[in-house]
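# Tertiary structure, described
If you want the building blocks of each chain, they are given just below.
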Amino acid sequence: MSAGIGYVCAAIVAARLQWPRARTASLLCALVGAVVVPLVYLVLTGTQQSEVGVIERSGVLMLHQGTPYLEDPHEVADYTPYLPGMALLGMPRALLGADHWALRLLGDARLWCAFVFLIGLEGGRRVLNTPDAGRPAGDGRLSYRAALAALIASPPVALPLCVSGVDLPLTGLLCLALACAARGRPVATGLALAAACSLKWTALPAVAVAVAFLGWAHGRRAAVRCAVVASVGALLLVVPSAVLSPQPMVQQVLAFPTGRADAVTPADSPLPGHLLAELGPVGWYLAVGLLLLGALAVGASLLLRPPTGLASAAQRLAIGLCVGFLLAPAGRFGYLALPIVLVVWARQAAPQRPSRVVRRETVRPRPDADAPPVGVAHLPGAVAVGSVPGGESR
């Protein structure tokens, strides 16, 4: 209801006011209606999806026993289907408690999920060093900040941000990792990937995409450094909990999300993989087989045709994630927000550089050998098609 009112007000403002004031006012209406009002209301009233309580409980468990997993879960709410890094987002609740409305607000895991998400997007933009996505003024397109505001106010981001937020920190870290890879920073890329892989195992495809991207753009050594840093960093964050509670971790992180645990996962959207798994054991193995074939196909595409830029890397990662989400035995439509944000953010944040390709022209001999050939644009670094050293033409 709140988001609907915000969107209607945004449309009215955009239609009635003159630009550029209408754009700013319209975005503010959408953000207030779709994000600010519902998020504050839901936090203060304690209304949330079950994932928020799971994250906050895992933070309490991590603080007291060093592992976020219950030894003997009895119901769905007792399972923690996330890797140990997610428990850090529940630490504020464990430290602050919920005795006062301000503490309830500051300790809510949704706020910290949104904080990591925004830090990842802003950090990626700063790494790319494109204050306004490299666009010339007056080109008619949204600036980076306006596009980011529109993205956050859109339903695929605003809804999970207000009610759950569990996939947002993963999304922000993946955007940051791809930005670091685009700038040729393998160590920073590996650290961002390690942090993402410590949250959910669905971040693993990003490691393959980033390594392939770095290998194509910056050489094999950069790709190897990224892979080593990501692997070692993720192991350092995950292994301690795995040593303390190996069996609960396997049951809750691997078996439960794939529908093989005693409790039935609530991730039951009618996606192809889930529909196959509902047919019985044969359907479940068929879904897993198709999932593995899809992963092999995406991996082969990375080897045969690696991504050549930030936008293409984000698109390739989005394709791999979509294949995984659609063919997994259990999943939700909300998971698809992750690839949507990746593609949209990358296209907004990627610097738009002018093409250096020179259109082929017919070059005719001129009496003045020192003058440039007729029809060739004077572009920095451009090479005249058909010209040879010494001013001669052919």
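Residues numbered from 1 in each chain as written. Predicted model: local features only at pLDDT ≥ 70, side-chain atom pairs only at ≥ 80, totals over all residues. Heavy atoms only, no water.

On to the overall build of the chain. Counting its secondary structure elements, the chain contains 17 helices and zero strands. Looking at the chain as a whole, 44% of its 394 residues are labelled buried. Restricting the contact set of the chain to residue pairs at least 6 apart, pairs at least 24 apart contribute 70%. In the form shown here, the chain has an accessible surface area of approximately 20,300 Å², with 67% of it arising from carbon and sulfur atoms. (Helix = DSSP H or I, 4+ residues; strand = E, 2+ residues; numbered from the N terminus. Buried < 20%, exposed > 50% of the residue type's maximum accessible area, 1.4 Å probe, protein only. Contact = heavy atoms within 4.5 Å. Areas by Shrake-Rupley, 256 points an atom, 1.4 Å probe, with all protein chains shown as cover.)

There is a patch of nonpolar side chains on the surface, built from V32, V36, V37, V40, L44 and W101 and spanning about 480 Å² of accessible area. Ranked by residues supplied to the nonpolar patch, first place goes to helix α2 (residues 21–45) with five residues. Mapping V37 onto the fold places it in helix α2. (Patch = residues over 30% accessible without salt bridge, like charges linked within 9 Å, V, L, I, M, F, W, Y side chains within 5 Å. Salt bridge = Lys/Arg side-chain N within 4 Å of Asp/Glu carboxyl O.)

What follows is about the pattern of salt bridges. This structure, assessed with the given rule, holds seven salt bridges. Among the salt bridges present, the one from E56 reaches R93, with a minimum N-O distance of 3.5 Å. Here E56, found in helix α3 (residues 50–65), pairs with R93, found in helix α4 (residues 91–96); they are 37 residues apart in sequence, far enough to count as distant. Like E56, the residue R93 is buried in the burial classification. The salt bridge partner of K200 is D167, with a shortest N-O separation of 2.7 Å. A residue pair is termed long-range when its members are at least 10 positions apart, and K200 in the loop between α10 (186–197) and α11 (204–218) and D167 in the loop between α8 (155–163) and α9 (168–182) qualify at 33 residues. The pair K200 / D167 is uniform in exposure class, with both members buried. Each of the salt bridges in this network shares a partner with another, and the network as a whole consists of E122, R125, R126 and R145.

An ideal rise of 1.5 Å per residue puts 26 Å on 18 residues; helix α16 (residues 310–327) measures up with 26 Å between its terminal C-alpha atoms. Each element contacted by the buried residues of α16 is listed here: α6 (109–128), α9, α11, α14 (272–277), α15 (281–304) and α17 (337–349). (Expected span 1.5 Å × (residues − 1).)

Attention now goes to the packing of aromatic side chains. Within the structure shown, the criterion is met by four aromatic pairs. Both rings, one in W112 and one in F115, keep their centres 6.0 Å apart while their planes meet at 75°; by these two values the pair is edge-to-face. In this pair, W112 and F115 are both assigned in helix α6, three residues apart and thus about one turn of the helix distant. Given the relative accessible area of 47%, F115 is considered partly exposed. Ring geometry for W284 against Y285: centres 5.1 Å apart, planes inclined by 90°, an arrangement best described as edge-to-face. Using a relative accessible area of 53% as the deciding quantity, one classes Y285 as exposed. (Phe/Tyr/Trp six-rings, centres within 6.5 Å; stacked < 30°, edge-to-face > 60°.)

Relative to the elements of secondary structure, S245 occurs in the loop between α12 (220–244) and α13 (246–255). Taking the relative accessible area as the measure of exposure, S245 reaches 1% and is therefore buried. Side-chain polar atoms of S245 contact the side chain of T67, separated by 2.7 Å. Residues contacting S245, with those up to four places away along its chain left out, are T67, Y69 and E71. (Polar contact = N/O pair within 3.5 Å; in protein donor to acceptor, adjacent residues only side chain to side chain.)

Our next topic: the nonpolar core. Across soluble globular proteins, nonpolar side chains have a tendency to be buried as a group. Ranked by size, the top nonpolar core spans 70 residues in total, and within it I55, L174, L178, L193, L317, L342 and W345 carry the most contacts. Among the elements that line this core, the one with the most residues is α9, at eleven residues. Residue contacts for L342: discarding those within four places in its chain leaves L174, C175, L178, A314, L317 and L321. (Core = buried A, V, L, I, M, F, W, Y, C linked by side-chain atoms within 4.5 Å.)

With that settled, the discussion passes to the confidence of the model for the chain. Should pLDDT be low for a region, the predicted coordinates there are not to be read in detail. Overall, the predicted model of the chain reaches an average pLDDT of 84, with 85% of residues at or above 70. Per-element confidence in the chain is highest for α10, whose mean pLDDT is 96, and lowest for helix α5 (residues 101–107), whose mean pLDDT is 86. Contacts from residues 133–138, a stretch scored under 50 in pLDDT, to residues over four places away or in other chains number 14 contacts. (pLDDT = per-residue confidence, 0-100.)

Glancing now at the packing of α10 against α12. Relative to each other, α10 and α12 sit at 30°, their axes nearing to 7 Å. Handedness of the α10/α12 crossing: right-handed. Contact residues: P186, V187, T189, G190, L191, L193, A194, A195 and C197 in α10; A222, R225, C226, V229, A230, G233, A234 and L237 in α12. For the contact of α10 with α12, the class distribution of residues is 13 nonpolar, three polar and one charged. (Axes fitted to C-alpha atoms, helices over the stretch in contact; angles between N-to-C directions. Left-handed = near helix turned anticlockwise from the far one by under 90°. Nonpolar A, V, L, I, M, F, W, Y, C, P; charged D, E, K, R; others polar.)

Take the packing of α11 against α16 next. Two elements in contact, α11 and α16, have axes whose closest approach is 10 Å; the angle formed by their N-to-C orientations is 150°. Taken as axis vectors, α11 and α16 run roughly antiparallel relative to one another. In this structure, α11 meets α16 at a crossing whose hand is right-handed. From α11, P205, A206, V209 and F213 reach across to α16, where they touch L310, A313, L317 and L321. Residue composition of the contact of α11 with α16, grouped by class: eight nonpolar, no polar and no charged. (Parallel < 35°, antiparallel > 145°, perpendicular 65-115°, else oblique.)

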